[in-house]
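Breakdown of the fold
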Amino acid sequence: MDVETWKSQLRKGAAELAVLALLETEAKSGIGLLDALELRPEIGLSDGSIYPMLNRLEREGRIEGRWRTPAGGGRGQKLYALTADGRAALKSMRAAWLGFRDELTMIVGEKK
Amino acid sequence: MKDAATIENYLRGLSKALRALPDRDRDDIVAEIRAHLEHRTGEGKLAEAIKSLGAPDACARSFIEEMKIQTAFADGGAVKTFGALLTLASRRVTATAGLFVSLVFFLLAAGFAFTGLAEIVAPDKAGLWVGPDSGSIMIGTFDTPATPDTPLPPGAPEPPREILGRWLIPFAAGMSVLFFVIGQISSRLFIRLMMRRKSPTAI
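The shown structure was predicted, so the numbers you read here are calculated from the model rather than taken from an experiment. (Residues numbered from 1 in each chain as written. Chains lettered and ligands numbered in written order. Predicted model: local features only at pLDDT ≥ 70, side-chain atom pairs only at ≥ 80, totals over all residues.)

Remarks on the overall build of chain B
The secondary structure content of chain B amounts to seven helices and three strands. When its helices and strands are written in sequence order, chain B yields α-α-α-α-α-α-β-β-β-α. Considering chain B as a whole, with its 203 residues, one finds that 30% of them fall into the buried category. (Helix = DSSP H or I, 4+ residues; strand = E, 2+ residues; numbered from the N terminus. Buried ≥ 20, exposed ≤ 12 C-beta atoms within 10 Å, placed from the backbone.)

Details of the overall build of chain A
Each helix and strand counted, chain A has five helices and two strands in total. Secondary structure elements in chain A, listed N-terminal to C-terminal, are α-α-α-α-β-β-α. The burial tally for chain A puts 26% of its 112 residues in the buried class. For chain A, the share of sequence-separated contacts (at least 6 apart) that also reach a separation of at least 24 residues comes to 49%. (Contact = placed C-beta atoms within 7 Å.)

Structural notes on helix H6 (residues 93-121) of chain B
Since there are 3.6 residues in each turn of an α-helix, residues three or four apart along the chain are aligned in direction. Given a rise of 1.5 Å per residue, 29 residues ought to cover 42 Å, and the 41 Å separating the end C-alpha atoms of H6(B) matches this to within 8%. Along H6(B), the residues classified as buried are Ala95(B), Gly98(B), Leu99(B), Ser102(B), Ala109(B), Phe112(B), Thr115(B) and Glu119(B). (Expected span 1.5 Å × (residues − 1).)

Quick look at the interface of chain A and chain B
Contacts between the two partners involve 23 residues from chain A and, on the opposite side, 20 residues from chain B. Elements represented by at least two residues in the side of chain A that touches chain B include exactly helix H1 (3-11), helix H2 (14-22), helix H3 (30-36), helix H4 (47-59) and strand E2 (77-82) of chain A. With nine residues, H4(A) is the largest single contributor of residues to the side of chain A that touches chain B.

Considerations on the environment of Tyr51(A)
Relative to the helices and strands, Tyr51(A) resides in helix H4. Sequence separation of Tyr51(A) and Ile31(A) is 20 residues, and the distance between their C-alpha atoms is 9.6 Å. Not counting the four nearest positions on each side in its chain, Tyr51(A) is found in contact with Gly30(A), Glu32(B) and Ile33(B).

Re the confidence of the model for chain B
Residue and element names in this part refer to chain B. Confidence in the prediction for chain B averages 81 pLDDT; 83% of positions are at 70 or higher. Scored below 50 in pLDDT, residues 198-203 shows 19 contacts in the model against residues more than four places distant or in partner chains. Reported confidences for the modelled complex are a pTM of 0.64 and an ipTM of 0.84. (pLDDT = per-residue confidence, 0-100.)

Let's talk about the confidence of the model for chain A
Here chain A averages 88 in pLDDT, while 96% of its residues score no lower than 70. Element-level pLDDT for chain A is lowest in H1(A), with a mean of 78, against a maximum mean of 94 in E2(A).

This is how it looks when you write it as C-alpha coordinates:
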(Lines give C-alpha, C1' and ligand atoms only; values in the text may rest on other atoms or scores of the structure.)
Protein backbone atom coordinates (compact mmCIF):
# COMPACT_ATOMS: atom_id res chain seq x y z
CA MET A 1 0.00 0.00 0.00
CA ASP A 2 1.20 3.50 -0.82
CA VAL A 3 1.25 5.08 2.63
CA GLU A 4 2.48 8.42 1.28
CA THR A 5 -0.62 8.84 -0.90
CA TRP A 6 -2.82 7.98 2.06
CA LYS A 7 -0.93 10.45 4.26
CA SER A 8 -1.36 13.14 1.63
CA GLN A 9 -5.12 12.54 1.72
CA LEU A 10 -5.04 12.63 5.51
CA ARG A 11 -3.31 16.00 5.47
CA LYS A 12 -6.01 17.57 3.38
CA GLY A 13 -7.89 19.91 5.61
CA ALA A 14 -5.52 19.42 8.53
CA ALA A 15 -3.07 22.01 7.23
CA GLU A 16 -5.76 24.66 7.01
CA LEU A 17 -6.93 23.93 10.54
CA ALA A 18 -3.33 24.09 11.77
CA VAL A 19 -2.78 27.50 10.14
CA LEU A 20 -6.00 28.97 11.51
CA ALA A 21 -5.17 27.62 14.98
CA LEU A 22 -1.66 29.10 14.87
CA LEU A 23 -3.12 32.49 14.00
CA GLU A 24 -5.63 32.37 16.84
CA THR A 25 -3.47 34.08 19.42
CA GLU A 26 -1.21 36.31 17.34
CA ALA A 27 -0.64 37.50 13.80
CA LYS A 28 2.10 35.67 11.93
CA SER A 29 3.85 35.88 8.58
CA GLY A 30 4.25 32.95 6.20
CA ILE A 31 7.77 32.48 7.55
CA GLY A 32 6.46 32.69 11.12
CA LEU A 33 3.92 29.95 10.39
CA LEU A 34 6.55 27.77 8.74
CA ASP A 35 8.86 28.24 11.71
CA ALA A 36 6.05 27.28 14.09
CA LEU A 37 5.45 24.14 12.01
CA GLU A 38 9.12 23.30 11.55
CA LEU A 39 8.95 20.60 14.18
CA ARG A 40 5.62 19.31 12.84
CA PRO A 41 6.58 17.80 9.48
CA GLU A 42 3.51 15.53 9.45
CA ILE A 43 1.28 18.57 8.86
CA GLY A 44 2.99 18.76 5.48
CA LEU A 45 3.20 22.51 4.92
CA SER A 46 6.24 23.79 3.07
CA ASP A 47 7.59 27.02 1.60
CA GLY A 48 5.88 26.12 -1.64
CA SER A 49 2.45 25.31 -0.24
CA ILE A 50 1.88 27.89 2.46
CA TYR A 51 1.57 31.03 0.34
CA PRO A 52 -1.15 29.79 -2.04
CA MET A 53 -3.05 28.64 1.05
CA LEU A 54 -2.67 32.01 2.79
CA ASN A 55 -3.66 33.75 -0.42
CA ARG A 56 -6.82 31.64 -0.64
CA LEU A 57 -7.73 32.04 3.02
CA GLU A 58 -7.31 35.79 2.68
CA ARG A 59 -9.59 35.95 -0.36
CA GLU A 60 -12.14 33.79 1.46
CA GLY A 61 -12.11 36.37 4.23
CA ARG A 62 -10.91 33.99 6.93
CA ILE A 63 -7.64 35.82 7.48
CA GLU A 64 -6.47 39.35 6.85
CA GLY A 65 -2.95 40.20 5.71
CA ARG A 66 -1.18 43.48 6.43
CA TRP A 67 2.31 44.58 5.52
CA ARG A 68 4.47 45.58 8.48
CA THR A 69 7.93 47.11 8.47
CA PRO A 70 10.01 46.68 11.63
CA ALA A 71 10.26 49.87 13.72
CA GLY A 72 14.01 50.09 13.15
CA GLY A 73 13.63 49.60 9.42
CA GLY A 74 14.63 46.48 7.55
CA ARG A 75 12.75 43.86 5.66
CA GLY A 76 8.96 44.24 5.61
CA GLN A 77 6.71 41.24 6.00
CA LYS A 78 3.07 40.47 5.54
CA LEU A 79 1.42 39.48 8.79
CA TYR A 80 -1.79 37.50 8.82
CA ALA A 81 -4.47 37.60 11.50
CA LEU A 82 -7.79 35.82 11.88
CA THR A 83 -10.92 37.72 10.92
CA ALA A 84 -14.26 37.21 12.67
CA ASP A 85 -15.21 34.72 9.95
CA GLY A 86 -11.89 32.96 10.47
CA ARG A 87 -12.51 32.65 14.21
CA ALA A 88 -15.95 31.20 13.59
CA ALA A 89 -14.52 28.77 11.03
CA LEU A 90 -11.78 27.74 13.45
CA LYS A 91 -14.31 27.09 16.20
CA SER A 92 -16.41 24.85 13.95
CA MET A 93 -13.39 23.08 12.46
CA ARG A 94 -11.86 22.48 15.89
CA ALA A 95 -15.09 20.93 17.22
CA ALA A 96 -15.38 18.75 14.11
CA TRP A 97 -11.75 17.69 14.34
CA LEU A 98 -11.95 16.77 18.04
CA GLY A 99 -15.06 14.69 17.45
CA PHE A 100 -13.47 12.97 14.48
CA ARG A 101 -10.25 12.29 16.37
CA ASP A 102 -12.04 10.82 19.40
CA GLU A 103 -14.21 8.52 17.32
CA LEU A 104 -11.35 7.35 15.15
CA THR A 105 -9.17 6.72 18.18
CA MET A 106 -11.93 4.56 19.67
CA ILE A 107 -11.99 2.50 16.51
CA VAL A 108 -8.27 2.33 15.73
CA GLY A 109 -6.99 2.41 19.31
CA GLU A 110 -3.95 4.07 20.78
CA LYS A 111 -0.39 3.31 19.72
CA LYS A 112 0.55 -0.28 20.53
CA MET B 1 25.45 39.44 -4.75
CA LYS B 2 24.84 36.14 -6.46
CA ASP B 3 21.88 35.47 -4.16
CA ALA B 4 20.36 38.85 -5.01
CA ALA B 5 20.63 38.06 -8.72
CA THR B 6 19.09 34.63 -8.15
CA ILE B 7 16.15 36.20 -6.30
CA GLU B 8 15.60 38.85 -8.96
CA ASN B 9 15.74 36.24 -11.68
CA TYR B 10 13.20 34.05 -9.87
CA LEU B 11 10.85 36.97 -9.17
CA ARG B 12 11.03 38.12 -12.78
CA GLY B 13 9.92 34.67 -13.91
CA LEU B 14 7.22 34.55 -11.25
CA SER B 15 5.85 37.97 -12.19
CA LYS B 16 5.75 36.96 -15.83
CA ALA B 17 3.97 33.70 -15.00
CA LEU B 18 1.41 35.60 -12.89
CA ARG B 19 0.50 38.04 -15.68
CA ALA B 20 -3.02 36.55 -15.88
CA LEU B 21 -3.78 38.05 -12.47
CA PRO B 22 -4.71 41.67 -11.76
CA ASP B 23 -1.64 43.90 -11.17
CA ARG B 24 -2.42 44.43 -7.51
CA ASP B 25 -2.69 40.70 -6.74
CA ARG B 26 0.42 39.92 -8.76
CA ASP B 27 2.50 42.62 -7.08
CA ASP B 28 1.36 41.48 -3.64
CA ILE B 29 2.32 37.85 -4.31
CA VAL B 30 5.70 38.83 -5.77
CA ALA B 31 6.42 41.13 -2.80
CA GLU B 32 5.59 38.36 -0.35
CA ILE B 33 7.73 35.78 -2.15
CA ARG B 34 10.53 38.37 -2.26
CA ALA B 35 10.30 38.84 1.51
CA HIS B 36 10.30 35.07 1.93
CA LEU B 37 13.36 34.51 -0.27
CA GLU B 38 15.28 37.36 1.36
CA HIS B 39 14.50 35.94 4.79
CA ARG B 40 15.69 32.49 3.72
CA THR B 41 18.83 34.04 2.24
CA GLY B 42 19.57 35.47 5.68
CA GLU B 43 19.31 31.92 7.03
CA GLY B 44 21.56 30.60 4.26
CA LYS B 45 18.67 28.55 2.85
CA LEU B 46 17.92 30.27 -0.45
CA ALA B 47 18.51 27.18 -2.59
CA GLU B 48 16.21 25.05 -0.41
CA ALA B 49 13.54 27.76 -0.46
CA ILE B 50 13.58 28.00 -4.26
CA LYS B 51 13.50 24.23 -4.54
CA SER B 52 10.46 24.09 -2.25
CA LEU B 53 8.65 26.89 -4.10
CA GLY B 54 9.25 25.11 -7.39
CA ALA B 55 9.89 26.69 -10.77
CA PRO B 56 8.28 30.14 -11.19
CA ASP B 57 5.65 28.71 -13.55
CA ALA B 58 4.68 25.97 -11.10
CA CYS B 59 4.64 28.39 -8.18
CA ALA B 60 2.42 30.81 -10.12
CA ARG B 61 0.06 28.08 -11.24
CA SER B 62 -1.10 27.25 -7.73
CA PHE B 63 -2.03 30.91 -7.14
CA ILE B 64 -3.74 31.30 -10.51
CA GLU B 65 -5.80 28.12 -10.23
CA GLU B 66 -7.08 29.07 -6.80
CA MET B 67 -7.91 32.59 -7.92
CA LYS B 68 -9.65 31.57 -11.15
CA ILE B 69 -11.83 29.07 -9.34
CA GLN B 70 -12.76 31.50 -6.59
CA THR B 71 -13.37 34.42 -8.93
CA ALA B 72 -15.58 32.28 -11.13
CA PHE B 73 -17.52 31.01 -8.13
CA ALA B 74 -17.99 34.49 -6.68
CA ASP B 75 -18.95 36.01 -10.03
CA GLY B 76 -21.28 33.21 -11.06
CA GLY B 77 -21.55 34.57 -14.61
CA ALA B 78 -21.42 32.29 -17.61
CA VAL B 79 -18.36 33.99 -19.08
CA LYS B 80 -16.17 33.75 -15.97
CA THR B 81 -17.22 30.23 -15.00
CA PHE B 82 -16.80 28.92 -18.54
CA GLY B 83 -13.51 30.83 -18.88
CA ALA B 84 -12.20 29.26 -15.67
CA LEU B 85 -13.15 25.78 -16.88
CA LEU B 86 -11.46 26.51 -20.19
CA THR B 87 -8.26 27.67 -18.49
CA LEU B 88 -8.10 24.73 -16.11
CA ALA B 89 -9.32 22.01 -18.47
CA SER B 90 -5.84 20.93 -19.48
CA ARG B 91 -4.78 20.36 -15.87
CA ARG B 92 -7.87 19.22 -13.99
CA VAL B 93 -10.12 16.31 -14.96
CA THR B 94 -13.09 17.93 -13.21
CA ALA B 95 -12.62 21.07 -15.30
CA THR B 96 -12.38 19.03 -18.49
CA ALA B 97 -15.63 17.24 -17.68
CA GLY B 98 -17.29 20.53 -16.72
CA LEU B 99 -16.10 22.18 -19.90
CA PHE B 100 -17.51 19.36 -22.05
CA VAL B 101 -20.92 19.25 -20.32
CA SER B 102 -21.31 23.04 -20.28
CA LEU B 103 -20.18 23.31 -23.89
CA VAL B 104 -22.90 20.86 -24.99
CA PHE B 105 -25.61 22.93 -23.28
CA PHE B 106 -24.24 26.26 -24.53
CA LEU B 107 -24.08 24.90 -28.09
CA LEU B 108 -27.69 23.73 -27.81
CA ALA B 109 -28.62 27.22 -26.58
CA ALA B 110 -26.78 28.76 -29.53
CA GLY B 111 -28.44 26.33 -31.94
CA PHE B 112 -31.94 27.22 -30.77
CA ALA B 113 -31.11 30.93 -30.83
CA PHE B 114 -29.90 30.56 -34.42
CA THR B 115 -33.05 28.65 -35.37
CA GLY B 116 -35.26 31.37 -33.85
CA LEU B 117 -33.39 34.04 -35.78
CA ALA B 118 -33.60 31.98 -38.96
CA GLU B 119 -37.39 31.81 -38.58
CA ILE B 120 -37.43 35.62 -38.62
CA VAL B 121 -35.04 36.00 -41.56
CA ALA B 122 -35.95 32.99 -43.71
CA PRO B 123 -39.19 31.45 -42.37
CA ASP B 124 -39.45 28.92 -45.20
CA LYS B 125 -36.18 27.30 -44.24
CA ALA B 126 -36.63 27.04 -40.47
CA GLY B 127 -39.11 25.09 -38.46
CA LEU B 128 -40.09 22.10 -36.39
CA TRP B 129 -40.66 19.35 -38.88
CA VAL B 130 -42.54 16.13 -38.40
CA GLY B 131 -42.03 13.22 -40.76
CA PRO B 132 -45.27 11.93 -42.37
CA ASP B 133 -44.75 8.23 -41.68
CA SER B 134 -42.27 7.67 -38.93
CA GLY B 135 -43.32 10.66 -36.85
CA SER B 136 -39.66 11.69 -36.67
CA ILE B 137 -39.12 15.24 -35.43
CA MET B 138 -36.44 17.63 -36.65
CA ILE B 139 -35.83 21.19 -35.66
CA GLY B 140 -33.49 23.64 -37.28
CA THR B 141 -32.79 25.26 -40.59
CA PHE B 142 -32.41 23.65 -43.99
CA ASP B 143 -31.00 24.86 -47.27
CA THR B 144 -33.92 23.45 -49.17
CA PRO B 145 -37.46 24.04 -47.95
CA ALA B 146 -38.95 20.77 -46.77
CA THR B 147 -42.29 21.77 -48.26
CA PRO B 148 -41.64 22.39 -51.96
CA ASP B 149 -43.54 25.04 -53.87
CA THR B 150 -43.95 22.81 -56.90
CA PRO B 151 -46.16 19.73 -56.81
CA LEU B 152 -44.46 16.47 -55.97
CA PRO B 153 -43.98 13.93 -58.76
CA PRO B 154 -46.22 10.86 -58.55
CA GLY B 155 -44.91 8.27 -56.09
CA ALA B 156 -42.54 10.66 -54.38
CA PRO B 157 -42.52 10.38 -50.58
CA GLU B 158 -44.51 13.03 -48.77
CA PRO B 159 -42.19 15.70 -47.30
CA PRO B 160 -42.04 16.43 -43.59
CA ARG B 161 -44.63 18.85 -42.30
CA GLU B 162 -43.69 22.04 -40.42
CA ILE B 163 -45.97 22.31 -37.39
CA LEU B 164 -44.96 25.40 -35.41
CA GLY B 165 -45.02 28.22 -37.94
CA ARG B 166 -44.22 31.57 -36.31
CA TRP B 167 -44.54 29.95 -32.88
CA LEU B 168 -41.07 28.64 -33.57
CA ILE B 169 -39.68 32.03 -32.52
CA PRO B 170 -40.87 32.00 -28.88
CA PHE B 171 -40.29 28.23 -28.71
CA ALA B 172 -36.66 28.55 -29.89
CA ALA B 173 -36.09 31.57 -27.64
CA GLY B 174 -37.42 29.67 -24.63
CA MET B 175 -35.34 26.58 -25.37
CA SER B 176 -32.26 28.75 -25.93
CA VAL B 177 -32.69 30.43 -22.55
CA LEU B 178 -33.38 27.08 -20.89
CA PHE B 179 -30.23 25.43 -22.25
CA PHE B 180 -28.17 28.53 -21.48
CA VAL B 181 -29.33 28.45 -17.86
CA ILE B 182 -28.66 24.70 -17.63
CA GLY B 183 -25.18 25.28 -19.09
CA GLN B 184 -24.53 28.04 -16.57
CA ILE B 185 -25.76 25.91 -13.68
CA SER B 186 -23.67 22.93 -14.78
CA SER B 187 -20.51 25.04 -15.11
CA ARG B 188 -21.14 26.47 -11.63
CA LEU B 189 -21.65 22.98 -10.25
CA PHE B 190 -18.28 21.87 -11.62
CA ILE B 191 -16.60 24.99 -10.24
CA ARG B 192 -18.21 24.25 -6.87
CA LEU B 193 -16.96 20.67 -7.10
CA MET B 194 -13.43 21.93 -7.74
CA MET B 195 -13.67 24.29 -4.78
CA ARG B 196 -14.73 21.43 -2.54
CA ARG B 197 -11.85 19.31 -3.71
CA LYS B 198 -9.34 22.10 -3.65
CA SER B 199 -10.32 24.13 -0.63
CA PRO B 200 -9.09 21.84 2.14
CA THR B 201 -5.63 21.44 0.70
CA ALA B 202 -2.73 23.47 -0.43
CA ILE B 203 -0.24 20.67 0.02
